[in-house]
Amino acid sequence: MGGRRLVVVAAIAALVGVLAAAPAAQASFHEISIREVYPGSVAQPDSDYVELQMYAAGQNFVGGYGITVYGANGSVAGTFTFPSSLPNGANQQTILVGDSGVQGAFGVAPDLANANFAIDPAGGAACWAGSIDCVSWGGFSGSTPSSSGTPAAVSGIPDGMALRRSIAPGCPTLLEVADDSNSSSADLFDVSPSPRNNASAIAETTCTGPATTIDTKPADPTNSTSAAFTYHAASATSFACRLDSASFADCPLNGKSYPGPLGDGNHTFQIRATNSSGFTGATAGYTWRVDTLAPTVTIDSHPTDPSSGTSVSFKYHSSESGSSFQCSLAQGAVPDSFSSCTSSGKTYTSLADDTYTFKVRATDTATNQGAPAAFSWTVDHTAVDTTPPDTVIDSAPPNPSGDSTASFTYHATEPGSSFQCKLDGAAFASCPATGVTYMGLANGSHAFQVRAIDSSANVDPAPAGYSFDVAVLASPQPPPVAPTVAPFVPSLAPSVTTPKKHHRRCRRGKHRRTHNRPRRCRRVKHPQHRRPDARSHRPQ
């Protein structure tokens, strides 16, 4: 007896252990909320349903748990328990409990179907798994295992409408725990029914957090060694930012400043925002360059000293591409007077005999201005001008060109110069200062050259040149036209051929006389037009 008692006690203990462990084996069912309640309609009264929705993954172990529906006074109208768990348990997956007419009304089969499932639209409540989540509506006056707060739709759920939980309070595209305030009137709203079962596709999208816009930032490039930023993001409650390779750290809502000094080179600012639900948006960034070094300018060509003639030209360049230039020409002891000049050079005309100083300075894209470069010389009109002009082509045809006509314009660095041009193997010949045009060019490669000659007969030793290809497409030939053949139209009158000899006699009036009367012209029929012998048509 003692041995049997020990065995029974051990078996009971084992059974108690199994029962105690059962909920743990199906533990992931509690992060589920009631998302939608539909009491059916007058037209389809057996289409009632309750839709559950998971707000965490792995909530599909629902075997042994179910939905309890209550009447308006709080009495239990029915409990509907899942016999087993479901296959799909992804975050935002849905589960459908419904009446026998749900599939016929919406084409969606409930995961748990029961013909006794009935919801009163005038007032009632529904609870998931006893007390995990309860909602109420209409004239519900009873109590639920867990708080459902003030009922939603105090006048009852309208015919053909459902109550659906709003997911707007936290992430507006994702059901989450913050969407359940335990007040049905605050959480549920009237919508058109749209049931989803466990096999339905997830319609919600993951929240990515607020997007940040950078409003003010340093210029790019800049010679400032400090930087200041302002920014904004809708629904943001905090920002994190960083400069270059530093770690992200909290930064003020109204902007972030970096006093520096920042070193020369590129710098990158990054910022991201987080909302009250803890969702962090994409990172916004801005890269700019700090440049505190001024450019240097070099004078590449200048007049001879002394120079003759009334005009002189200068060419120059900056150590930094994209620089702008200012030039000054001071006569004698007159102070410098800088004004904007182009990067292609500067020409001065009508200069009187005197000493002159030319200066040019460059400003880079970061507004750093360098020291000017200078050249001083004397203008003496009695001196012999031995400096040739420089020739520049201003416009030319495209390369390749689809036109057999080519036009060029050009200028010289010495005003008043004349020009000589040549095309291909021809010799240099005088051409207008306003430009030259060549027509009827053959397909193939062509080379144009032009040189300037100043008023002192100095010829540009290095003519300006331009090479290009002409590729004029031949005009398409029209397709050959087939000869037109007039349609054959049969004559209505029989064709008659009269022997030429007989016709000749008749036309000329050469009639034979018989008995002193002119013989009539007989009409001679062509054999093919003779009437057939009537006898040949007699019946045989």
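Preceding this section is the structure that the text describes.
Okay, so let's go over this structure.

Conventions and cut-offs
- Residues numbered from 1 in each chain as written.
- Predicted model: local features only at pLDDT ≥ 70, side-chain atom pairs only at ≥ 80, totals over all residues.
- Heavy atoms only, no water.
- Helix = DSSP H or I, 4+ residues; strand = E, 2+ residues; numbered from the N terminus.
- Contact = heavy atoms within 4.5 Å.
- Areas by Shrake-Rupley, 256 points an atom, 1.4 Å probe, with all protein chains shown as cover.
- Salt bridge = Lys/Arg side-chain N within 4 Å of Asp/Glu carboxyl O.
- Buried < 20%, exposed > 50% of the residue type's maximum accessible area, 1.4 Å probe, protein only.
- Core = buried A, V, L, I, M, F, W, Y, C linked by side-chain atoms within 4.5 Å.
- Pairing = 2+ DSSP bridges.
- Phe/Tyr/Trp six-rings, centres within 6.5 Å; stacked < 30°, edge-to-face > 60°.
- Lys NZ or Arg CZ within 6 Å of the ring centre and 35° of its normal.
- Polar contact = N/O pair within 3.5 Å; in protein donor to acceptor, adjacent residues only side chain to side chain.
- Lys, Arg positive; Asp, Glu negative; His and termini not counted.
- Axes fitted to C-alpha atoms, helices over the stretch in contact; angles between N-to-C directions.

**Comments concerning the overall build of the chain**
Working step 1: Looking only at helices and strands, the chain features 4 helices and 33 strands.
Working step 2: Of all intrachain contacts in the chain linking residues separated by at least 6 positions in sequence, the fraction that spans at least 24 positions is 61%.
Working step 3: Counting every atom, the chain has about 29,900 Å² of accessible surface; 55% of that belongs to carbon and sulfur.

**Observations concerning the pattern of salt bridges**
Working step 1: According to the stated counting rule, one finds 10 salt bridges in the structure shown.
Working step 2: Salt-bridge contacts for Arg196 lead to Glu204; the nearest nitrogen and oxygen are separated by 3.1 Å. In this structure, Arg196 and Glu204 share a single accessibility class: buried.
Working step 3: Within this structure, Arg35, Glu51, Arg196 and Glu204 form a network of salt bridges that share partners.

**Some details on the nonpolar core**
Working step 1: Residues Val50 and Trp128 are the most contacted members of the largest nonpolar core, which totals 28 residues.
Working step 2: Among the elements of the structure, strand E1 (32–38), strand E2 (49–54), strand E3 (66–70), strand E5 (94–98), strand E7 (123–128) and strand E8 (133–138) are those that each provide at least two residues to this core.
Working step 3: Ignoring sequence-local partners within four residues, the contact set of Val50 consists of Ile34, Glu36, Val37, Ile67, Ile95, Leu96, Val97, Phe117, Ile119 and Ala126.

**Focus on the pairing of strand E13 (residues 236–243)**
Working step 1: Direction of pairing for E13 relative to strand E16 (residues 265–275): antiparallel, over a ladder of 7 bridges. Residue Cys241 lies in a different strand from E16, and its bridge partner there is Ile271.
Working step 2: Of the strand pairs in this sheet, E13 and strand E14 (residues 249–251) are connected by 3 bridges, and their pairing is antiparallel. Bridged to Phe239 within E14 is Cys251.

**A word on the packing of aromatic side chains**
The description of an aromatic ring pair rests on the distance of the ring centres and on the angle between the ring planes.
Working step 1: Counted under the stated rule, the structure contains 30 aromatic pairs.
Working step 2: When the ring of Tyr38 is compared with that of Phe106, the centres are 5.6 Å apart and the planes differ by 80 degrees; the resulting orientation is edge-to-face. Here Tyr38, found in strand E1, pairs with Phe106, found in helix H2 (residues 102–106); they are 68 residues apart in sequence, far enough to count as distant.
Working step 3: By relative accessible area, which is 3% here, Tyr38 ends up buried.
Working step 4: Look at Phe106 and you get partly exposed, because its relative accessible area is 26%.
Working step 5: Look at Tyr410 and Phe448: their rings are 6.5 Å apart centre to centre, the planes differ by 25 degrees, and that puts the pair in the stacked class. Pair noted here: Tyr410 is in strand E26 (residues 406–412) and Phe448 is in strand E30 (residues 444–453), with a separation of 38 residues, a long-range link.
Working step 6: Looking at Phe448, the relative accessible area reads 1%, which means it is buried.
Working step 7: Each member of the aromatic cluster is reached from another via a ring pair, and the members are Phe314, Tyr316, Phe325, Tyr348, Tyr356, Phe358, Phe375 and Trp377.
Working step 8: Lying across the ring of Tyr286, Lys217 places its NZ or CZ 5.4 Å from the centre.

**Things to note about the side chain of Ser313**
Working step 1: Tracing the backbone shows Ser313 in strand E19 (residues 312–318).
Working step 2: Reaching out from Ser313, the side chain makes a polar contact with the side chain of Thr347 at a distance of 2.8 Å.
Working step 3: For Ser313, the side chain forms a polar contact with the main-chain oxygen of Thr413, separated by 2.3 Å.

**Details of unusual backbone geometry**
Working step 1: Geometrically, the link from Asp220 to Pro221 is a cis peptide bond, its omega value of 0 degrees lying close to zero.
Working step 2: Structurally, Pro221 can be placed in the loop between strand E11 (213–216) and strand E12 (227–232).
Working step 3: Of the consecutive residues Asn399 and Pro400, the connecting peptide bond is found in the cis state with omega at 0 degrees.
Working step 4: Its place among the elements puts Pro400 in the loop between strand E25 (391–395) and E26.
Working step 5: The residue Gln92 is not glycine, and still its phi comes out positive at about 80 degrees.
Working step 6: Structurally, the position occupied by Gln92 is in the loop between strand E4 (76–81) and E5.
Working step 7: Residues other than glycine seldom take positive phi values, yet Ala457 does so here, at roughly 70 degrees.
Working step 8: With respect to the element layout, Ala457 can be found in the loop between E30 and strand E31 (464–470).
Working step 9: In this structure Ala457 comes out as exposed when scored by relative accessible area, which is 58%.

**Here we look at the environment of Ser417**
Working step 1: As for its position among the elements, Ser417 is in the loop between E26 and strand E27 (418–423).
Working step 2: For Ser417, a relative accessible area of 10% gives the class buried.
Working step 3: Between the C-alpha atom of Ser417 and that of Ser455, which follows or precedes it by 38 residues, the distance is 6.1 Å.

**Quick word on the sheet that holds E5**
Working step 1: Here we have 6 strands laid out as an open sheet, ordered E6-E5-E2-E1-E9-E10, and mixed in their pairing. The open sheet has two edge strands with one neighbour each: strand E6 (112–113) and strand E10 (188–191).

**Observations regarding the side chain of Glu176**
Working step 1: Relative to the helices and strands, Glu176 resides in the loop between strand E9 (162–165) and helix H3 (184–187).
Working step 2: At 11 Å, Arg35 is the nearest oppositely charged side chain to Glu176, a buried residue that forms no salt bridge.
Working step 3: With sequence-adjacent residues up to four places away left out, Glu176 is seen in contact with Tyr55, Gly170, Cys171, Ser277 and Phe279.

**Here's the deal with the sheet that holds E16**
Working step 1: Here we have 4 strands laid out as an open sheet, ordered E14-E13-E16-E17, and antiparallel in their pairing. Two strands in the sheet have a free side with no partner beyond their single neighbour: E14 and strand E17 (284–290). Each strand axis lies, on average, 35 degrees off the axis of its neighbour in the sheet, ignoring direction.
Working step 2: Note: E16 against E17, 7 bridges, orientation antiparallel. The residue of E17 that forms the bridge with Ile271 is Ala284.

**Structural notes on the environment of Gly444**
Working step 1: Note on placement: Gly444 falls in strand E30.
Working step 2: Gly444 gets classed as partly exposed once you look at its relative accessible area, which sits at 28%.
Working step 3: Counting along the chain gives 44 residues from Gly444 to Pro400, while the straight-line C-alpha distance between them is 9.4 Å.

**Some thoughts on the environment of Ala374**
Working step 1: Tracing the backbone shows Ala374 in strand E24 (residues 373–379).
Working step 2: Spatially, the C-alpha atom of Ala374 lies 9.8 Å from that of Cys327, the residues being 47 residues apart in sequence.
Working step 3: Leave out the neighbours within four places in its chain, and Ala374 touches Ile299, Phe358 and Lys359.

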